[in-house]
Amino acid sequence: MLQKVYDWVDERLDITPLWRDIADHEVPEHVNPAHHFSAFVYCFGGLTFFVVVIQILSGMFLTMYYVPDIINAYESVYYLQNDVTHGMIVRGMHHWGASLVIVMMFLHTLRVFFTGSYKKPRELNWVVGVLLFFVLLGLGFTGYLLPWDMKAYFATVVGLEIAESAPVIGGFAKTLLAGGEIIGAQTLTRFFAIHVFFLPGALLGLLGAHFFMIRKQGISGPL
Amino acid sequence: MHRGKGMKFVGDSRVPAEKKPNIPKDYSEYPGKTEAFWPNFLLREWMVGAVFLVGYLVLTVAHPAPLERVADPTDSGYIPLPDWYFLFLYQLLKYEFAAGPYTVMGAVVIPGIAFGALLLAPWLDKGSERRPLKRPIATSLMLLGFISVFFLTWESVDQHDWEAAAEQGEITDDVDMEVDESAEGYQIFESQDSCIGCHGGDMLGGSSGPNMFESDYDTEEVIEIITNGKGAMPAGQFEGSEEELETLAAFIANDGQSADGGDAEAEEDGSEEEAEEATEE
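Since we're looking at a predicted model, the values are computed, not measured.

**Digging into the side chain of B:Thr153**
All names here are of chain B. Within the secondary structure layout, Thr153 lies in helix H5 (residues 136-159). A polar contact is formed between the side chain of Thr153 and the backbone oxygen of Val149, at a distance of 2.7 Å. Not counting chain neighbours up to four residues away, the residues in contact with Thr153 comprise Trp84, Leu87 and Phe88.

This is the structure:
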């Protein structure tokens, strides 16, 4: 039955080459931990993506309860944490995932660097990777404010002070992020928008480019 | 799949007359024990992912995500701390060469050079040699960067007073506390202008006095403090009889709930609060 549905769609849209292009590539021996255990270092990129997927899913569930305004933000997180069934687990996964994704990305960066995989012809993929690094740090920074508790608020105050100390663009950057002079209601909604819409959009676009390039160029050869 | 010159793009592809079986092909550049991405390799990767996921969930269950008390922008005494992956930058800004008049160094120049170099690594290290030992400059710079970040993070964690940090952020009882305004104790408080002047009309702290319910004194100790003063609080500000003083003290010691008169209600409130506290923990 399923096969017939697939065949019916495939006959019209020719979808087989789409997925065959993704599925039918060989994974060389030197990146396969089943052949050389030391090749586990090649897993870090995949695990980074794995945590990113978990972050997106858990984040989607968190927004079902979270309210991005200064009156209700803390209350909604408190409710989510203490009263909602499994809310503690979902928030816990999002909280720890934020740390794990940074750790995994850092290890992935070190692997790529020390195997010299950023060299010609893969320069562009390296640049996109570093941009992904910045986007994930930005997601960490903006997400930290959202619970609107003491550590969130004052970490953001310090963070924005640092941004403000930059020459020329500092004041502009601070106003852009804080939404005004005071760090308050405007800042919270702005950080929410950046955390939930702007940066994830950039993240998905860059990830698409990252994967397209690795698929096009193949993984770098053994040392 | 045909690669390179003459490669057919997906959008340009046609359904082949004969279906190709999904078998691994040679990885022509690096011959060896290659295997197909789907399903062979992905299945194995999923096993790695599953082990990782178990560790991740154990961490999540063992350490619930922290939540401090609600943000209070007026609390200027709070010692801020960013999430751990920004600690290196936070620590860098504490050193003399990167603080005060040189903040630009710590906030922009040093991280700018480090991350700029990371971004431009392919053009700074253009040689075709890939082994780390054959490109000592790149390798040593990366190791230097890694050690610096590790050291700064370590120092920051080491210098932070974690006990004070846990205390200053603790969720206190007054998060959803309501003062029983019908209680006799509250009526007495309302008539005391000198108390209100510092501790505020709601008893939750004001211009120079703290929240009255933050401390854990019993009735006796409260009377002692009201009569003799404490710290910046002057002695003998209370106007009224001994009995009124006692009622007020009992009211304060009982966290703003009437101690006697309407006992049943007070007890109910108390047990509810206790139950709430238990679930909070």
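**A look at the UniProt feature "transmembrane region" (unreviewed entry) in chain A**
Residue and element names in this part refer to chain A. Under the feature "transmembrane region" (unreviewed entry), the UniProt entry names residues 39-67, 96-114, 126-146 and 192-214. Between the first and last C-alpha atoms of residues 96-114 the distance is 27 Å; the span itself is 100% helix and 0% strand. Helix makes up 95% of residues 126-146 and strand makes up 0%, while its end C-alpha atoms are separated by 31 Å.

**Things to note about the UniProt feature "domain: Cytochrome b/b6 N-terminal region profile" (unreviewed entry) in chain A**
Here, the residues flagged by UniProt with the feature "domain: Cytochrome b/b6 N-terminal region profile" (unreviewed entry) are residues 5-223 of chain A. Note that residues 5-223 of chain A is 70% helix and 1% strand, and that its end C-alpha atoms are spaced 46 Å apart.

**Description of the UniProt feature "binding site: heme c" (unreviewed entry) in chain B**
All names here are of chain B. This chain's UniProt record puts "binding site: heme c" (unreviewed entry) on Cys195, Cys198 and His199. Looking at the element boundaries, Cys195 is found in helix H8 (residues 193-199). Setting aside its immediate chain neighbours within four residues, Cys195 contacts Phe189 and Gly200. Summarising the element assignment, Cys198 is placed in helix H8.

**Some points on the interface of chain B and chain A**
Listed as interface residues are 84 residues of chain B and, on the opposing side, 85 residues of chain A. Across the chain B/chain A interface, buried area totals approximately 7900 Å², and carbon plus sulfur atoms make up 69% of it. Where chain B meets chain A, there are 1 salt bridge. Among the ionic pairs, A:Lys119 bridges to B:Asp125, the shortest N-O distance being 3.0 Å. Summed over the shared surface of chain B and chain A, the number is 26 residue pairs in polar contact (both at pLDDT 80 or more). When residues of the side of chain B that touches chain A are traced back to their parent elements, those giving at least two are strand E1 (35-36), helix H1 (37-62), helix H3 (103-119), helix H4 (121-124), H5 and helix H11 (263-280) of chain B. For the side of chain B that touches chain A, a count of residues per class yields 50 nonpolar, 12 polar and 22 charged.

**Some remarks on the nonpolar core**
Side chains of nonpolar character tend, in soluble globular proteins, to be buried together. By size, the foremost hydrophobic cluster in this structure holds 30 residues, and its most contacted members are A:Leu203, B:Phe52 and B:Tyr56. The set of elements that each furnish at least two residues to this core consists of helix H3 (44-62), helix H5 (87-114), helix H6 (123-145) and helix H9 (185-217) of chain A together with H1 of chain B. If you tally residues by element for this core, the top one is H6(A), at 7 residues. Those residues in contact with A:Leu203 that lie beyond four places of it in its chain are A:Val52, A:Leu132, A:Val135, A:Leu136 and A:Leu139. In terms of nonpolar packing, the next biggest core, distinct from the first, is built from 21 residues, A:Leu146, A:Tyr153, B:Ala71 and B:Tyr78 among them.

**Structural notes on a nonpolar patch on the surface**
Residues and elements named next belong to chain A. Residues Phe49, Val53, Ile56, Leu57, Met60, Phe61, Met64, Tyr65, Tyr79, Leu204, Phe211 and Ile214 make up a contiguous nonpolar surface patch of about 1100 Å² in total accessible area. If you list the elements that add at least two residues to the nonpolar patch, you get H3 and H9. Sorting elements by how many residues they give to the nonpolar patch places H3 first, with 6 residues. Residue placement: Phe61 occurs in helix H3.

**Some points on the packing of aromatic side chains**
Across all of its chains, the model carries 28 aromatic pairs over all chains by this definition. Each ring, one from A:Phe141 and one from A:Phe191, has its centre 5.6 Å from the other, and the planes form 55°; the classification is tilted. You can see A:Phe141 sitting in helix H6 and its partner A:Phe191 sitting in helix H9, a full 50 residues away along the chain. Their ring planes at 65° and their centres at 6.3 Å tell us that B:Phe52 and B:Tyr56 sit as a pair that is edge-to-face. Of the two residues, B:Phe52 and B:Tyr56 both sit in helix H1, 4 residues apart, roughly one turn of that helix. Summarising the burial analysis for this pair, B:Phe52 and B:Tyr56 share the class buried. Chaining the aromatic ring pairs together yields one cluster made of A:Phe141, A:Phe191, B:Trp84, B:Tyr85 and B:Phe86. A cation over a ring is seen here: A:Arg12 above A:Trp8, with NZ or CZ 3.9 Å from the ring centre. The aromatic ring of A:Phe113 is capped on one face by B:Arg135, whose charged end is 5.3 Å from the ring centroid.

Quick notes on the rules
- Residues numbered from 1 in each chain as written.
- Chains lettered and ligands numbered in written order.
- Predicted model: local features only at pLDDT ≥ 70, side-chain atom pairs only at ≥ 80, totals over all residues.
- Heavy atoms only, no water.
- Helix = DSSP H or I, 4+ residues; strand = E, 2+ residues; numbered from the N terminus.
- Polar contact = N/O pair within 3.5 Å; in protein donor to acceptor, adjacent residues only side chain to side chain.
- Contact = heavy atoms within 4.5 Å.
- UniProt positions renumbered as here; feature names shortened; annotations may be inferred.
- Buried area = accessible area lost by both parts, 1.4 Å probe.
- Salt bridge = Lys/Arg side-chain N within 4 Å of Asp/Glu carboxyl O.
- Nonpolar A, V, L, I, M, F, W, Y, C, P; charged D, E, K, R; others polar.
- Core = buried A, V, L, I, M, F, W, Y, C linked by side-chain atoms within 4.5 Å.
- Buried < 20%, exposed > 50% of the residue type's maximum accessible area, 1.4 Å probe, protein only.
- Patch = residues over 30% accessible without salt bridge, like charges linked within 9 Å, V, L, I, M, F, W, Y side chains within 5 Å.
- Areas by Shrake-Rupley, 256 points an atom, 1.4 Å probe, with all protein chains shown as cover.
- Phe/Tyr/Trp six-rings, centres within 6.5 Å; stacked < 30°, edge-to-face > 60°.
- Lys NZ or Arg CZ within 6 Å of the ring centre and 35° of its normal.

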